[in-house]
Amino acid sequence: MLLFLYYSMSTSTHTSVPRQIYPLARLNPYQGNWTIKVRVTSKGHMRHYNNTRGEGCVFSVELTDDDGTQIQAIMFNAAARKFFELFDMGKVYYISGGYLKRANKQYNRVDNDYEMTLNENSQVEEAVNEPIIIPTLTFSFVPIDQLGPYVQQKELIDVIGVVQHVSSTMSIRRKADNESVPKRDITIADDTMKSMIVSLWGPLATGIGSKLLDMFDASPIVAIKSLRVSDFGGLTLSTITKTIIEINPNSHESQKLKTWYASEGSVATFESVGSTFRPGHTNDAPSMYSDRVGLEYITNNPSLGESTPVYYTTRACMSFIKDDQAMYYRTCKTCNKKLTVNVGSAYSFLICRKTQTDPNFRYVVSAKFSDASGEAWMSLFADEAETIIGCSAADLDIMKSKPDGSAYQTQLKKAKWVPHVFRVMVALRAYNNDRRQRITVKIVSLVDYAGESKYLLNEISSTQS
Amino acid sequence: MDTSKPAVLVNGGLLRGYVGQRVRTVAQVVRPDAGGLTGRSTDEKQIDVKGKMPAAVTTFVEVIGVADGPQSICAEIVTNFGDTFDANNFNQLCRHANGDFRHLFI
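Criteria and thresholds
Residues numbered from 1 in each chain as written. Chains lettered and ligands numbered in written order. Predicted model: local features only at pLDDT ≥ 70, side-chain atom pairs only at ≥ 80, totals over all residues. Heavy atoms only, no water. Helix = DSSP H or I, 4+ residues; strand = E, 2+ residues; numbered from the N terminus. Buried < 20%, exposed > 50% of the residue type's maximum accessible area, 1.4 Å probe, protein only. Contact = heavy atoms within 4.5 Å. Areas by Shrake-Rupley, 256 points an atom, 1.4 Å probe, with all protein chains shown as cover. Salt bridge = Lys/Arg side-chain N within 4 Å of Asp/Glu carboxyl O. Phe/Tyr/Trp six-rings, centres within 6.5 Å; stacked < 30°, edge-to-face > 60°. Lys NZ or Arg CZ within 6 Å of the ring centre and 35° of its normal. Buried area = accessible area lost by both parts, 1.4 Å probe. Polar contact = N/O pair within 3.5 Å; in protein donor to acceptor, adjacent residues only side chain to side chain. Nonpolar A, V, L, I, M, F, W, Y, C, P; charged D, E, K, R; others polar. Expected span 1.5 Å × (residues − 1). Axes fitted to C-alpha atoms, helices over the stretch in contact; angles between N-to-C directions. Parallel < 35°, antiparallel > 145°, perpendicular 65-115°, else oblique. pLDDT = per-residue confidence, 0-100. Left-handed = near helix turned anticlockwise from the far one by under 90°. Core = buried A, V, L, I, M, F, W, Y, C linked by side-chain atoms within 4.5 Å. Pairing = 2+ DSSP bridges. Arc of directions from axis to C-beta.

Chemist: Help me out: how do you make sense of the overall build of chain B in this one?
Modeler: For chain B, the helix and strand inventory stands at two helices and six strands. The burial tally for chain B puts 40% of its 106 residues in the buried class. Contacts in chain B between residues at least 24 apart in sequence constitute 54% of all its contacts with a sequence separation of at least 6. Taken as a whole, chain B presents about 5800 Å² of accessible surface, with 54% of it coming from carbon and sulfur.

Chemist: What exactly am I supposed to notice about the pattern of salt bridges here?
Modeler: If the charged atoms of two oppositely charged side chains come close together, the side chains can form a pair. Residues and elements named next belong to chain B. Within the structure shown, the criterion is met by 14 salt bridges over all chains. With its nearest N and O atoms 3.9 Å apart, the salt bridge here joins R40 to E44. On the basis of relative accessible area, R40 is assigned to the partly exposed category, the value being 32%. For E44, a relative accessible area of 62% gives the class exposed. We note a salt bridge from K50 to D68, for which the minimum N-O separation is 3.6 Å. Of the two residues, K50 is situated in strand 4 (residues 46-50) and D68 in strand 5 (residues 60-69); the sequence distance between them amounts to 18 residues. A relative accessible area of 40% places K50 in the partly exposed class. You can call D68 partly exposed: its relative accessible area is 39%.

Chemist: Looking at this structure, I do not really get the packing of aromatic side chains. What am I missing?
Modeler: How two aromatic rings sit relative to each other is set out by the distance from centre to centre and by the angle between their planes. One pass over the full model with this rule turns up eleven aromatic pairs over all chains. On the basis of an interplanar angle of 50 degrees and a centroid distance of 6.2 Å, the ring pair of A:F83 and A:F87 is categorised as tilted. Of the two residues examined, A:F83 and A:F87, each falls in the buried class. Among the aromatic residues, those joined into a ring-pair cluster are B:F60, B:F81, B:F85 and B:F90. Here the guanidinium or amino end of A:R292 rests over the ring plane of A:Y455, the centre of that ring lying 5.0 Å away.

Chemist: Would you mind showing me how to read the environment of B:F60 here?
Modeler: Residues and elements named next belong to chain B. Tracing the backbone shows F60 in strand 5. A relative accessible area of 9% places F60 in the buried class. Sequence separation between F60 and R40 is 20 residues, and the spatial gap between their C-alpha atoms is 9.5 Å. Excluding residues that lie within four positions of it along the chain, F60 makes contacts with V26, A27, Q28, T79, N80, F81, G82, D83, T84 and F85.

Chemist: Whenever I open this one, the interface of chain B and chain A confuses me. Can you help?
Modeler: Chain B puts seven residues into the contact, and the matching count from chain A is seven residues. Counting the surface lost from both chain B and chain A, the interface buries some 620 Å², and carbon and sulfur atoms represent 52% of this. Where chain B packs against chain A, one counts zero salt bridges. Where chain B packs against chain A, one counts one residue pair in polar contact (both at pLDDT 80 or more). Looking at the side of chain B that touches chain A, its residues break down into two nonpolar, three polar and two charged.

Chemist: Can you help me understand unusual backbone geometry in this one?
Modeler: Backbone geometry follows two general trends: most residues other than glycine have a negative phi, and most peptide bonds adopt the trans configuration. Positive phi, close to 60 degrees, is recorded for A:W417, a residue that is not glycine. Here A:W417 is to be found in the loop between helix 8 (406-415) and strand 23 (420-431). With phi around 65 degrees, B:E44 is a residue other than glycine that occupies positive phi space. Take B:E44: it is sitting in the loop between strand 3 (36-41) and strand 4.

Chemist: Would you take a moment to explain helix 4 (residues 252-263) of chain A for this structure?
Modeler: The periodicity of an α-helix, 3.6 residues per turn, causes residues three or four positions apart to be oriented the same way. Here helix 4 of chain A is twelve residues long and its end C-alpha atoms lie 17 Å apart, about the 16 Å a rise of 1.5 Å per residue gives. Against strand 9 (157-166), strand 11 (180-189), strand 13 (221-230), strand 16 (310-320), strand 23 and strand 24 (434-446) of chain A lie the buried residues of helix 4 of chain A.

Chemist: Looking at this structure, how should I read the packing of helix 7 (residues 393-401) of chain A against helix 8 of chain A?
Modeler: Two quantities define a packed helix pair, namely the angle between the helix axes and the distance between the axes. Residues and elements named next belong to chain A. Contact geometry for helix 7 and helix 8: axes closest at 6 Å, N-to-C directions at 135 degrees. Classified by the angle between their axes, helix 7 and helix 8 sit oblique to one another. From helix 7, L396, M399 and K400 reach across to helix 8, where they touch A407, Y408 and Q411. Taken together, the residues that form the contact of helix 7 with helix 8 break down as four nonpolar, one polar and one charged.

Chemist: For this particular structure, what's the right way to read the confidence of the model for chain A?
Modeler: Caution applies to low-pLDDT parts of the model: their predicted coordinates are not meant to be read in detail. All names here are of chain A. Averaged over every residue, the pLDDT of chain A is 80; residues scoring 70 or more account for 80%. A low-confidence stretch, residues 1-16 (pLDDT under 50), is modelled with 21 contacts involving residues beyond four sequence positions or located in other chains. Note on residues 275-286: pLDDT is under 50 here. Beyond four places in sequence and across chains, it has 15 contacts.

Chemist: It is not clear to me how the environment of A:V426 should be interpreted in this structure. Could you clarify?
Modeler: Residue and element names in this part refer to chain A. Note that V426 resides in strand 23. Considered as a pair, V426 and G305 are 121 residues apart in the sequence and their alpha carbons are 5.6 Å apart. The contact partners of V426, leaving out residues within four places of it in the chain, are I298, L304, G305, P309, V310, Y312, Q437, R438 and I439.

Chemist: Teacher, can you tell me more about the packing of helix 9 (residues 449-464) of chain A against helix 2 (residues 87-98) of chain B here?
Modeler: Packing of helix 9 of chain A against helix 2 of chain B leaves a shortest axis separation of 10 Å and a crossing angle of 35 degrees. Judged by the twist between their axes, the crossing of helix 9 of chain A over helix 2 of chain B is left-handed. Here A:A450, A:S453, A:K454, A:L457, A:I460, A:S461 and A:Q464 of helix 9 of chain A lie close against helix 2 of chain B, whose contacting residues are B:N89, B:Q92, B:L93 and B:H96. Residues belonging to the contact of helix 9 of chain A with helix 2 of chain B are distributed by class as follows: four nonpolar, six polar and one charged.

Chemist: In this structure, what is going on with the nonpolar core? I would like to understand it.
Modeler: In a soluble, globular protein the nonpolar side chains are often hidden away together inside. All names here are of chain A. Counting residues in hydrophobic clusters, the biggest one holds 33 residues, and the most contacted among them are M327, Y363, V365, F369, I389, F422 and V424. Those residues in contact with M327, other than ones at most four positions away along the chain, are I321, K322, R362, Y363, V364, V365, I389, L396, Y408 and L412. Grouped together as the second largest cluster of nonpolar side chains are 27 residues, V151, I186, I188 and L212 included.

Chemist: Would you explain the pairing of strand 22 (residues 375-381) of chain A in this entry?
Modeler: Here is the key point about a regular strand: its side chains alternate between the two faces of the sheet. Residues and elements named next belong to chain A. As paired strands, strand 21 (residues 360-370) and strand 22 are joined by seven bridges and run antiparallel to one another. Paired with V365 across the two strands is L380, which belongs to strand 22. The turn joining strand 21 and strand 22, which pair antiparallel and follow one another in sequence, is formed by four residues.

Chemist: Hey, could you run me through helix 7 of chain A in this one?
Modeler: Every buried residue of helix 7 of chain A is accounted for by A:A393, A:L396, A:D397 and A:M399. Down the axis, helix 7 of chain A shows its buried residues gathered within 160 degrees of arc, on one side only.

Chemist: So what exactly am I meant to see when it comes to the pairing of strand 21 of chain A here?
Modeler: Residues and elements named next belong to chain A. Bridge analysis of strand 16 against strand 21 gives three bridges, and the strand direction is antiparallel. If you follow C317 over to strand 21, its bridge partner there is S370. Where strand 17 (residues 328-331) and strand 21 come together, four bridges link them in antiparallel fashion. Counterpart to Y328 in the pairing with strand 21 is Y363.

Here you go:
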């Protein structure tokens with residue numbers, strides 16, 4: 001018996017399969033009883049976690065329907081284990097019995113207001129007569145610090161990194177046929193804190209390489225597929241004819257790198273992999289001077305960091321710190337979790353259930369900072385707070401507990417009006433019914449006066465032109 | 001702060017415009033001389049400094065005194081400025097202080 005199956009997205013199908021296919025665009029939490037027909041356009045790996053509620057595993061898939069609408073579907077624990085093997089990239093599935101809620105934009109970058117959770121009772125059925133269309137570009141990136149094993153191997157690798165440097169085009173004469181080939185070297189760095197030179201050959205050097213040179217100071221992210229790893233100059237990556245380069249791709253890895261770079265990568269120094277070390281390249285490393293703003297800029301823009309946190313660099317001094325705030329909390333020496341105060345002087349914790357009389361102290365400080373433009377309250381934690389206050393939280397506690405509080409007061413007083421350069425994160429935090437701007441210090445650096453002067457002189461010059 | 005005897009911020013090239021006036025500059029010490037030292041200004045010109053020097057002189061010194069020639073200063077105060085100094089920054093400062101922003105300076 002022949003079965004004719006045709007699928008139309010919005011009307012019910014004339015088939016023996018009694019299901020009405022909903023377009024993803026029509027799904028919402030108040031819609032019951034839907035079935036969708038979607039292709040898996042991205043599949044994440046299984047992630048195992050351990051939090052206060054225990055252990056678990058989770059993975060997610062990106063689903064796309066015929067209209068091109070996308071939605072993320074997440075599965076935890078039993079559902080994750082049930083469906084992980086079933087979902088394959090590029091295959092089409094009928095799915096029903098999922099639960100919709102508002103998308104968590106922090107973890108979900110798919111363009112949809114909702115996200116779907118599938119549980120053990122959800123139904124997932126592979127549509128066997130559909131062609132499998134795997135999205136053209138799949139990468140499996142090798143972190144820069146793990147390139148070693150690939151040297152001189154036949155295997156081609158993929159990398160992703162933030163562009164640190166772009167050279168001009170060089171002309172190399174190929175020995176084989178005496179032809180001149182253009183070549184351009186770019187340096188990329190990733191969050192393994194290592195950097196690497198990638199040699200672009202031929203049309204990649206002149207085409208996309210030239211584009212990278214133009215957009216260099218925006219610190220673009222490049223994802224490169226199919227690179228040859230050679231031991232020329234220690235270790236180099238070279239493009240071949242089938243190499244594909246994507247600039248600022250719209251992928252999860254790219255976003256992760258972007259966030260890392262914004263928060264700490266841009267001020268970091270990278271160790272170069274490969275023996276040809278490139279000392280002092282000519283381009284100014286835009287580190288402490290990129291995204292420079294005055295405190296007033298941040299406080300005058302209450303909508304900064306509305307959807308995702310934004311990062312800036314600023315030079316300021318701590319101008320006021322309340323000496324009666326709780327500047328630190330106690331943590332367990334073994335599991336590092338916060339302690340609750342117990343009777344007497346022993347502390348117990350939420351997680352380990354151990355009692356300790358000698359806990360660790362971790363800073364949590366809120367203080368006011370000032371610069372030439374204005375002032376702002378900022379939060380500092382751990383190492384950053386220790387740099388500003390000038391002593392460890394444990395030592396500060398000792399000073400505070402003394403009957404003569406003058407050592408404590410002096411320590412706080414000394415910490416004020418010392419200029420530092422801060423890398424700050426600005427985000428909006430829910431506060432009762434309101435969303436308040438919160439500035440958190442992520443990195444503290446000493447002021448390099450020669451560099452600051454140069455920066456200021458540039459700023460002055462730019463106001464004149 | 002004593003503002004009764006203001007000194008103009010100059011480099012080697014600007015010094016000649018203030019002969020007879022009180023000036024201040026930072027120079028790199030090339031060699032000590034009888035009665036002073038020979039210095040190189042932040043714009044690579046020679047400056048002769050006459051006067052009392054500190055006992056030990058660092059690589060860079062600030063000189064405040066009266067210009068007594070197109071490349072010479074009769075120093076009143078010589079201060080050690082250490083061994084690291086960004087000459088380029090100071091040079092640009094001199095240009096601003098005598099150029100578009102001179103109204104902010106003396």
